[in-house]
Amino acid sequence: MTPDTSVLLSREILTYGPAPKRRRPAAVWFLGVATLGVYWVVWFLRANRELARFDERIPGSYRVDTTAFALGWPIGIPQFLALHRMARRIESAQRAAGLPVTCDPATGVLMWVCFGVGLLYLQDELNKVVDRYGAPAGTEVFHYA
């Protein structure tokens, strides 16, 4: 019996959800630049929806955050808050996957503000959850925590 199996069997209630999709962070960034930011909104919606389906215990409304991300760019603050909340969702997903939490919301927002590469960071952190399971996108996987 592997350590992962013993952790699963020791839990009273097993939770599960579909695995998120693995994306190349550089492709996310380049497609966003090529489409003048439209793909970033599409990516933001899809990634947040996948996180919500992966673990229903993750709080927040991805629809509200996507609207803030898409329409908040003139002001900036709604967009930064939406990025921060997404990073917190990735933290929760890492915790559910039994991984050490490495996603830092402040780092994601600062990388977006200073270098415009915050999405690279967030997608890389989300890929850690996907790599944990090694399953194709949409495959039902168990949560370890």
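Before reading on, note that the structure itself is shown above.
From a predicted model like this one, the values you see are computed outputs, not experimental measurements.

**Description of the packing of aromatic side chains**
Moving on, step 1. One pass over the full model with this rule turns up eight aromatic pairs.
Moving on, step 2. Summarising the aromatic geometry, the rings of Phe69 and Trp112 are spaced 5.9 Å apart at their centres and angled 50 degrees between planes, so their arrangement reads as tilted. With a gap of 43 residues between them, Phe69 in helix α4 (residues 62-71) and Trp112 in helix α6 (residues 105-114) connect regions that are remote in the sequence. The same class applies to Phe69 as to Trp112, namely buried.
Moving on, step 3. Aromatic rings pair up to connect Trp40, Trp43, Phe44, Phe69 and Trp112 into one cluster.
Moving on, step 4. The positively charged end of Arg132 is found above the aromatic ring belonging to Tyr144, 4.1 Å away from the centroid.

**Here we look at α4**
What sets the pattern is the α-helix's 3.6 residues per turn: residues three or four places apart point alike.
Moving on, step 1. Tyr62, Asp65, Thr66, Ala68 and Phe69 are the residues of α4 that are buried. Here the buried residues of α4 occupy an arc of 160 degrees about the axis, which is enough to place them on one side. Of the exposed residues in α4, those oriented more than 90 degrees away from the buried face are Arg63, Val64 and Leu71.
Moving on, step 2. On its buried face, α4 is in contact with α3 (38-54), α5 (77-96) and α6.

**Comments concerning the pattern of salt bridges**
Moving on, step 1. The tally for this structure, following the rule as stated, stands at six salt bridges.
Moving on, step 2. When the shortest N-O distance is used, the salt bridge between Arg85 and Asp65 registers 2.6 Å. Residue Arg85 is located in helix α5, and its partner Asp65 is located in helix α4; the two are separated by 20 residues in the primary sequence.
Moving on, step 3. Residues Lys128 and Glu125 are paired through a salt bridge, measuring 3.1 Å at the closest nitrogen-oxygen approach. A residue pair is termed a helical-turn pair when its members lie 3 or 4 positions apart in one helix, as Lys128 and Glu125 do in helix α7 (residues 118-133) at three residues.
Moving on, step 4. Residue Lys128 is classed as partly exposed on the basis of its relative accessible area, which comes to 32%.
Moving on, step 5. Residue classification places Glu125 among the buried positions, given a relative accessible area of 4%.
Moving on, step 6. What you see here is one network of salt bridges that share partners, running through Asp65, Arg85 and Arg89.

How each quantity is defined
- Residues numbered from 1 in each chain as written.
- Predicted model: local features only at pLDDT ≥ 70, side-chain atom pairs only at ≥ 80, totals over all residues.
- Heavy atoms only, no water.
- Phe/Tyr/Trp six-rings, centres within 6.5 Å; stacked < 30°, edge-to-face > 60°.
- Helix = DSSP H or I, 4+ residues; strand = E, 2+ residues; numbered from the N terminus.
- Buried < 20%, exposed > 50% of the residue type's maximum accessible area, 1.4 Å probe, protein only.
- Lys NZ or Arg CZ within 6 Å of the ring centre and 35° of its normal.
- Arc of directions from axis to C-beta.
- Contact = heavy atoms within 4.5 Å.
- Salt bridge = Lys/Arg side-chain N within 4 Å of Asp/Glu carboxyl O.

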